[in-house]
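# Fold and geometry: a report
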Amino acid sequence: MDFDLTDEQRLVKETARSFTDREIVDRARENDRNEHFDLELVAKLADQGYLGAIVPREYGGAGLDYITYGLVVEEVGRGDSAMRTVISVQTSLVCSSILRWGTEEQKQRYLPKLCSGEWLACFGLTEPGTGSDAANQRTRAVRTDGGWKINGAKMWISLASHAKLALIFAQTDPEQGHRGLACFLVETEGQDGFQTQEIHHKMGLRGSDTAAISLDDVEVPEDAVLGEVGDGFKVAMSALDSGRYSVAAGCVGICQGCVEESVNYSKERQQFGKPIASFQLVQAMLADMKVETDAARMLVYRAGALKDAGRPSTTETSIAKLYATEAAVKCANTAIQVHGGAGYVDDHPVERYFRDVRVTTLYEGTSQIQKLIIGRALTGINALVPS
Ligand code: COS
């Protein structure tokens, strides 16, 4: 077992750290305040190669392994979860799905545009009535002469308002249950019946584009199907294997940010004639955050190492996602405690961490769903199926 990063991994991490400090950190607060989805910054993420981090170079990607990708996501996540979300959606949910399930033609058509940032893309799985029960898609796709007609609605979809490509999951044959699902590559520009509506007043991720999608007789050709008809659920689950990893890595970044901000603040802030860092109860809070951060990071590294080795990693990814997201919620809460009143306004990033992190135990599978996946792996019993 080797706990050291390779020279290349260290270099990529250091580059991502200085990029984050230089480009992201200063803009995060204003973008959050103004609910501004910062396309200029998204273009810079693309220039860094982060939107196609795990995509092979032949398709315009950076060709990074999963561990190195996780290091980038951690650094960007420390700076701003709204920007981290762009990477997670574009790279993990969309590019990894096209890589794994796409035809050569689909890969050539979409991956270079997505890696370069020319196109943004979104992942349309969740619906107004369908969250954890992802197989229960109400969106319907019916065959037409040369393709498919799709009707339905999607909810809470990151990047949807700006996406030129939408992965849309739909039921083709309700009698087949999850085996009737298909994933469609829907090009949105000039697409009749495809409409988005931005969602505002979110608790956090205010600098992120979140929208609802309505699909009203959206017509796509036969070759818009990603994988085979009937593979849709597997496409979604495999995408989430990568997406959950990315969310977990981003949360390690939040934990790390909480530690760094709290250490700095506690050494500056004076009470009772001393820096508060010299009080044992403050050090206990710092130590708790550090332990959570390291444990979460190790779990992310393990999931990444399994992915790089091409081994099954679904359970270990759920463990990493569960632990890292819950750890980040705890760390953000503790970091505010260390900051006292100063942590209750957005002068310090910990206030934004606290709001941004809250969604991470909800999206890409709630903590409860991760526990069910882990519990099933332990027992062989699917607790979701009523007996
Ligand atoms: N990769 C590829 N295929 C997978 C997979 C994975 N990680 N996990 C499951 N599958 C396959 C299974 O092999 C099975 O295939 P068959 O049809 O050939 O038997 C099929 O998918 C169904 O799998 P499973 O029995 O595990 O389905 P369940 O209904 O029990 O799964 C959970 C339920 C909870 C795991 C799933 O619905 C889930 O993850 N829900 C949360 C959804 C979510 O995260 N939503 C948030 C989206 S925000 S982007």
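These figures come from a predicted structure and were not determined experimentally. (Residues numbered from 1 in each chain as written. Predicted model: local features only at pLDDT ≥ 70, side-chain atom pairs only at ≥ 80, totals over all residues. Heavy atoms only, no water.)

## Digging into the layout of surface pockets
The condition is simple: In this analysis a 1.4 Å probe is tested at points of a 1 Å grid over the protein atoms alone, and where it fits but cannot get out there is a cavity; an open set with protein on both sides within 12 Å along at least five of seven lines is a pocket; lining residues have an atom within 4 Å of a point. Grid points are joined across faces, edges and corners, and a volume is the space filled by probe spheres set on the points. To qualify as a helix, a DSSP run of H or I must reach at least 4 residues; to qualify as a strand, a run of E must reach at least 2; elements of each kind are numbered from the N terminus. Amino acids are sorted into nonpolar (Ala, Val, Leu, Ile, Met, Phe, Trp, Tyr, Cys and Pro), charged (Asp, Glu, Lys and Arg) and polar (every other residue, Gly among them).
In this structure, the largest pocket encloses a volume near 1,400 Å³. Along the wall of the largest pocket there are 50 residues; nearest its centre are Thr126, Gly131, Tyr363, Glu364 and Gly365. Every element with two or more residues in the lining of the largest pocket is listed here: helix 4 (81-101), strand 3 (147-158), helix 6 (232-268) and helix 10 (367-379). Examining the composition of the lining of the largest pocket, we find that 8 residues originate from one element, helix 6, more than from any other. Residues that form the lining of the largest pocket fall into these classes: 22 nonpolar, 16 polar and 12 charged. In this structure, the second largest pocket encloses a volume near 320 Å³. In terms of lining, the second largest pocket is formed by 17 residues, of which the most central are Tyr66, Arg100, Ser238, Asp241 and Lys307.

## Digging into a negative patch on the surface
Selection criterion: Patch definition: residues above 30% relative accessible area lacking any salt bridge, with like charges linked at up to 9 Å and the nonpolar side chains Val, Leu, Ile, Met, Phe, Trp and Tyr linked at up to 5 Å. In short, Shrake-Rupley with a 1.4 Å probe defines the accessible areas, and a residue's cover is counted only from the protein chains shown. Just to be clear on terms, a salt bridge is a Lys or Arg side-chain nitrogen sitting within 4 Å of an Asp or Glu carboxyl oxygen. The charge count treats Lys and Arg as positive and Asp and Glu as negative. His and the chain ends do not count. By convention, charge coordinates are those of NZ in Lys, CZ in Arg, CG in Asp, or CD in Glu. Type-normalised accessible area, obtained with a 1.4 Å probe on protein chains alone, sets the label of each residue: buried when under 20%, exposed when over 50%, and partly exposed for intermediate values.
Taken together, the side chains of Asp192, Asp216, Asp217 and Glu219 define an acidic patch exposed on the protein surface. Structurally, the position occupied by Asp216 is in strand 7 (residues 210-221). By relative accessible area, which is 52% here, Asp216 ends up exposed.

## Topic: the environment of Ser214
Threshold: Two residues qualify as a contact provided that any one of their heavy atoms is within 4.5 Å of a heavy atom in the partner residue.
Looking at where Ser214 falls in the secondary structure, it is placed in strand 7. Ser214 gets classed as partly exposed once you look at its relative accessible area, which sits at 31%. Ser214 sits 62 residues away from Gly152 along the chain, and the two C-alpha atoms are 6.1 Å apart. Leaving out residues up to four positions away in the same chain, Ser214 has contacts with Gly152, Ala153, Gly193, Phe194 and Gln195.

## Comments concerning empty space enclosed by the protein
What counts is decided by this rule: For every domain, the bounds stem from an assignment made automatically or drawn from a database.
Scanning the entire structure with this criterion turns up 2 cavities of 30 Å³ or more. Going through the elements one at a time, helix 3 (66-79), helix 6 and helix 7 (280-308) are the ones with two or more residues in the lining of the largest cavity. The greatest single-element share of the lining of the largest cavity, amounting to 4 residues, is contributed by helix 3. Residue composition of the lining of the largest cavity, grouped by class: 7 nonpolar, 1 polar and 2 charged. There are two domains that each give the lining of the largest cavity at least three residues, and those are domain 1 (7-119) and domain 3 (234-379). Looking at the second largest cavity, its volume works out to about 40 Å³. Surrounding the second largest cavity, Ala28, Asn31, Asp32, Asp80, Ala82, Leu205, Arg206, Gly207, Arg352 and Asp356 form its lining. Only helix 1 (7-33) and helix 9 (349-357) provide two or more residues apiece to the lining of the second largest cavity. Among the elements that take part in the lining of the second largest cavity, helix 1 stands out by supplying 3 residues, more than any other. Here the lining of the second largest cavity is built from residues that sort into 3 nonpolar, 2 polar and 5 charged.

## As for the site of the ligand
Test applied: Definition of nearness: a residue and a molecule or strand are near each other if at least one heavy atom of the residue lies within 4 Å of the molecule or strand. Definition of a polar contact: a pair of N or O atoms within 3.5 Å, with one able to donate and the other able to accept a hydrogen when the atoms are protein atoms, and with sequence-neighbouring residues admitted only if both atoms are side-chain atoms. In this description, a molecule resides in a pocket or cavity if more than half of its atoms sit within 2 Å of the grid points defining it.
Near the ligand you find 22 residues, and of these Ser132, His178, Asp241, Arg244 and Arg376 are the closest. Arg179 is positioned with one of its side-chain polar atoms (N or O) 2.9 Å from an oxygen atom of the ligand. Within the side chain of Asn382, one N or O atom sits 3.0 Å away from an oxygen atom of the ligand. Isolated, the ligand exposes 1,000 Å² of accessible area, and the fraction of that covered by the protein chains is 75%. Using a 2 Å cut-off from the grid points, one finds that the ligand occupies the largest pocket. By residue number, the principal contributor to the shell around the ligand is helix 6, which donates 7 residues. When we break the shell around the ligand down by domain, the ones giving at least three residues each are domain 2 (122-230) and domain 3 (234-379).

## Side note on the domain arrangement of the protein chain
Size of an interface: often given as the accessible area lost when the parts come together. For clarity, the cut-off: Defined in terms of a 1.4 Å probe, buried area is the accessible area two parts forfeit on being brought together, summed over both.
We note that the domain assignment places domain 1 (7-119), domain 2 (122-230) and domain 3 (234-379) within the protein chain. Placing the centre of domain 2 and that of domain 3 at their C-alpha centroids yields a distance of 30 Å. Every contact between the two is made by 11 residues of domain 2 and, on the other side, 12 residues of domain 3. Across the domain 2/domain 3 interface, buried area totals approximately 880 Å², and carbon plus sulfur atoms make up 75% of it.

## Structural notes on the environment of Glu40
With respect to the helices and strands, Glu40 occurs in helix 2 (residues 39-47). Considered as a pair, Glu40 and Leu299 are 259 residues apart in the sequence and their alpha carbons are 33 Å apart.

## Considerations on unusual backbone geometry
Phi angles above zero are rare outside glycine, and Trp156 is one such case at about 60°. On the secondary structure map, Trp156 appears in strand 3. A positive phi is found at His201, a non-glycine position, where the angle reads about 60°. Relative to the helices and strands, His201 is located in the loop between strand 6 (194-198) and strand 7.

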